[in-house]
Amino acid sequence: MKLITTHINADFDAFASLIAAKKLYPGAKAVFPGNYEKKVKEFLQLYSEQFKLDRLKDILQEEVDELIIVDTSTAGRIGALAKLLAEPKLKVTVYDHHPAGPENIKGDYKNKNEHVGATISLFIREFKERGFEITTAEATLFALALYEETGSFSYASTTPLELNMMAYLLEKGADLNIVMDFLKEGFSPEQEQLFKRLLATITTYDIMGIPVKIAVAETDQYVKDIALVVHKLRDMGNLDVIIALVKLPESVHMIARSSLKQINAGEIMKEFGGGGHESAASASLNAVSLGELNSRLLEVLREKVKPFLRAKDIMSSPVLSIKPSITCEEARKIMLRFNHNSLPVIENKKLLGIVSITELDKCIQHNFNDKEISGYIRTGIATVSPEISLNEIQNLMVDENVGKLPVLDASGGILGIVTRTDVLKSINKNRLNEKVRQIEKALESAAPETLNVKGLLEQRLPRRILEMFTEIGAIAKAIDVKAFVVGGFVRDLLLGIENYDIDLVVEGDGLKFAGILAKKFKMPLKKHKKFGTAVLVYEGKIKIDVATARVEFYDYPASAPQVEFSHIKYDLYRRDFTINTMAIELDSSAFGTLVDFFGGRRDLKAGLIRVLHNMSFVEDPTRIFRAIRFEQRYGLKIERSTQNYLSNAIELEMFDRLATHKIKDEIVLILNEDYPLKALNRMKQLEVLKYIHPDLKITPKMKELFNGIHDSFAVEALFMDEKVKKWLVNFMVLLDGLKLKDCRKICERFKLDGEAVRKVIEIKEGEEHTLHTLNRARLSNSGIYNELSKVPMEGLLFYLSKTGELRVKQRLHLYISSLSKIKLELTGEDLKALGLKPGPVYKEIFAKLLDAKLNGLVKDREEELKFVSGLKLRP
């Protein structure tokens, strides 16, 4: 009997290969040796009539004389059927796309010495060559296997054969709608919990200069399709290498994903009894602790991983060297000519040591010009082999405090030399090349739309701003750099909204350019050298941010960005939404040219908020708040895909990984809006409001309060002498339904400054007493003043909105518009002139005098003097 089988926990490639093998071996039985993935089970439930398999328990294994194995070549992965391999007369045929290894099953391999990306590809090719008929259902199943195994043809293991076979399947009627339905990656509650645990434990290890992410989690319940969880983890974090260790109740699973040639996932997992190919592999173990497994994994990685760069990859060669027989003066001239501060000394191709220009200067000072350098060679220097990794070179340079390391072959001959400059260039390239390549790929098709908006600038800007821009453009041209005004200023200019917060981006040295502007316009200047940015203040009130064009990327979700200087196209790509990616060139030769790489003007016209890439909210969750704020301020709509990315980031609780002060800053900006209620309603709708406090609710009463606050600002703020923090007034409305202890917790969590916390507590604590006092039937002006003078101005506006009593509203308005402005004209010197001795009595006098003036009993200085003279004071 012929028997066809595959590996346990079968995926679509295994299942499809089983079905395909049945077509090639029509009389054979086909069985799963164990479990299969959830999606395979769902597919079988729908299409059980088209794809029938036999049950393992119905197979008489002693009758099997030929075993056909698909999608694996490892005995440990075919479960109980592995015992059949001990039969000496058993014929074994293997169809597998995984790399061959010494532990492979002995048999007839149908793709020997041929690399393919999926096992099903081998069967499809044979069907095509032999003219086999394929049904629509079969073509669809085979396409599912191809898409899943190649990551929709994005994995590095994909070959031209997979693409050709997919084209053939489409000709045979493969239904891509069904394929996409089954490839949708929805999570079960158990998978979602596991995802969050793994995300929270990701740790980065430096393995031969390569950052390897390892995540560890333990759960007391069974979780299906762990590979799907790890796949999502890799995609969400944009990770090159991720290995997950998951302990379930009965076993420990290892899942590895790698997009780097230096790390072969299959080889790593083989060390743990598992298997797979270079980009995806797994293993399953019993009775092992996660700590021990993690330690062993790190050992294996250090043994198996090939370093990104070795000394031979970065060394300078051939090496400029000198002989020991030349004079000190000759050696010094050579170093000066080629700008070296030291050189290796070589004789008969062997390295003797190094001589430095500092040593030679000392020799010449002592008139040893004609002496041979052989007596001044520094020997016993550190050297390296050509295979040493970049990481080890870095450590050696730090430990030995050397700037140059000769690279020697096995016989001691010099092959090259590695300098600090070589290392720095390589580190920079190594760290940025992959991220920058991704950005470059995204930008390849981004050719800018341009539009002359000079007329718009002239129409909508004050003359002094326009003249400043013209002068900036002339300066840029004179020093051969490009300068652009970018971001919110450009967006609001197109919308006809006044905005004089100006962001300048320079293709060149932004700090130098800012210094020239500061000198030209006599503006104060503050520099931030790390980021190549500076802040200027024009005419004492217009803030101008100057930045060097730069590209940013994020090492992990919600992290701080890494920065590299670049040009305007890259700088605009790092921004949050397309409507903020437009720039206007100020160079005098192209003054007023709007540059739009990413369709910002189109989205602005269509009323859409759109992110530039799908990881935007994961990399920086504060963009969720900004999307809401811009949407409500400008009456825009979050574009559908952007909405999906936003919802996904919220579901993954990315705010939990974000510093609370960043959330606080965004909340303050929202509460500073003229109509914050619209944004708060949207936050509630998107389930963002709970991150401020889980008990926050937008009630009808709160809506009335916000409307009242808006009206109060429109009227009462006209009478206020001190600047009122609008956000704090709105914050009090937001906290209105919470208890004082919850308000304290929110203030502590978001690290509000001491003054803001004091005001929140005073307003909240004093609310009931103050509103009750102001509603008394008889209350003098001085009584109103004494009650309200200790209340922060933000509290007065909040109380004005909160109360429904007309009497209270009138008294609050009276205090704000009139009583708070009443001041005494007499001073302590006047009291002294009246013969009163300084002391506590002065406070008593001024209190009585102020009460009298508030109550209309005195009006001017003369009446104040008369009032004080008539006071009967205690001795």
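The structure under discussion appears in the preceding block.
Not measured: the values here are computed from a predicted model.

Q: Could you give an account of the sheet that holds strand 17 (residues 482-486), with specific residues and numbers?
A: Read across the sheet, 8 strands follow the order 16-25-24-17-18-21-20-19 without closing on themselves; strand pairing throughout is mixed. Only two strands of the sheet have a single partner each, and these edge strands are strand 16 (449-452) and strand 19 (525-528). Strand-to-strand, the axes of this sheet are offset by a mean angle of 25°, without reference to chain direction. Bridge analysis of strand 16 against strand 25 (residues 593-596) gives 4 bridges, and the strand direction is antiparallel. The partner of Thr-450 across the bridge, within strand 25, is Val-595. Together, strand 17, strand 18 (502-507), strand 20 (533-538) and strand 21 (542-548) form the strand contacts of helix 17 (residues 463-478), whose direction differs from that of strand 18 by roughly 10°. Across the sheet, helix 19 (residues 510-521) lies against strand 17, strand 18, strand 19, strand 20 and strand 21, angled at about 15° from strand 20, the strand it touches most.

Q: How would you summarise the nonpolar core if you had to cite specific residues and measurements?
A: Membership of the largest hydrophobic core comes to 115 residues, with the highest contact counts inside it found for Phe-469, Ile-502, Phe-513 and Ile-544. Look past the residues within four positions of Ile-544 in its chain and what remains in contact with it is Met-468, Ile-502, Leu-504, Met-523, Ala-534, Val-535, Leu-536 and Tyr-538.

Q: Explain the side chain of Asn-730 residue by residue, including any values.
A: Considering the arrangement of structural elements, one finds Asn-730 in helix 28 (residues 726-734). Sequence-distant contacts of Asn-730, that is, excluding residues within four places in its chain, are made with Leu-671, Glu-673, Pro-676, Phe-706 and Ile-709.

Q: Go over helix 4 (residues 136-149) with me, naming the residues and quoting the values.
A: In an α-helix, one turn spans 3.6 residues; hence positions three or four apart end up facing the same way. Look at helix 4: 20 Å from first C-alpha to last across 14 residues, which is about the 20 Å you get at 1.5 Å a residue. Across the 14 residues that make up helix 4, a large majority, 11, are buried. Those residues of helix 4 not exposed but buried are Glu-138, Ala-139, Thr-140, Leu-141, Phe-142, Ala-143, Leu-144, Ala-145, Leu-146, Tyr-147 and Glu-149. The secondary structure elements touched by the buried residues of helix 4 are helix 1 (12-24), helix 2 (38-46), helix 3 (119-130), helix 5 (160-171) and helix 6 (176-183). Just downstream of helix 4, Gly-151 is the residue with a positive phi angle, here 60°.

Q: Which residues make up the packing of helix 17 against helix 19, and what values go with them?
A: Direction vectors running N to C along helix 17 and helix 19 enclose 130°, while the axes themselves pass 11 Å from each other. Taken together, the axis directions place helix 17 and helix 19 in an arrangement best described as oblique. Judged by the twist between their axes, the crossing of helix 17 over helix 19 is right-handed. Along the contact surface, helix 17 presents Met-468, Glu-471, Ile-472, Ile-475 and Ala-476, while helix 19 presents Phe-513, Ile-516, Leu-517, Lys-520 and Phe-521. Of the residues assigned to the contact of helix 17 with helix 19, the class counts are 8 nonpolar, no polar and 2 charged.

Q: Give me the state of the cysteines: which residues, what numbers.
A: By the definition in use, this model includes 0 disulfides. In this structure Cys-328 is a free cysteine whose sulfur lies 4.0 Å from that of Cys-363, the closest cysteine sulfur available. Among the cysteines around Cys-743, which has no disulfide bond, Cys-747 carries the closest sulfur, lying 6.9 Å off. We classify Cys-743 as buried; its relative accessible area is 0%.

Rules used throughout
- Residues numbered from 1 in each chain as written.
- Predicted model: local features only at pLDDT ≥ 70, side-chain atom pairs only at ≥ 80, totals over all residues.
- Heavy atoms only, no water.
- Pairing = 2+ DSSP bridges.
- Helix = DSSP H or I, 4+ residues; strand = E, 2+ residues; numbered from the N terminus.
- Axes fitted to C-alpha atoms, helices over the stretch in contact; angles between N-to-C directions.
- Contact = heavy atoms within 4.5 Å.
- Core = buried A, V, L, I, M, F, W, Y, C linked by side-chain atoms within 4.5 Å.
- Buried < 20%, exposed > 50% of the residue type's maximum accessible area, 1.4 Å probe, protein only.
- Expected span 1.5 Å × (residues − 1).
- Parallel < 35°, antiparallel > 145°, perpendicular 65-115°, else oblique.
- Left-handed = near helix turned anticlockwise from the far one by under 90°.
- Nonpolar A, V, L, I, M, F, W, Y, C, P; charged D, E, K, R; others polar.
- Disulfide = S-S within 2.5 Å.

Without other data, these values stay purely geometric and don't point to any function.
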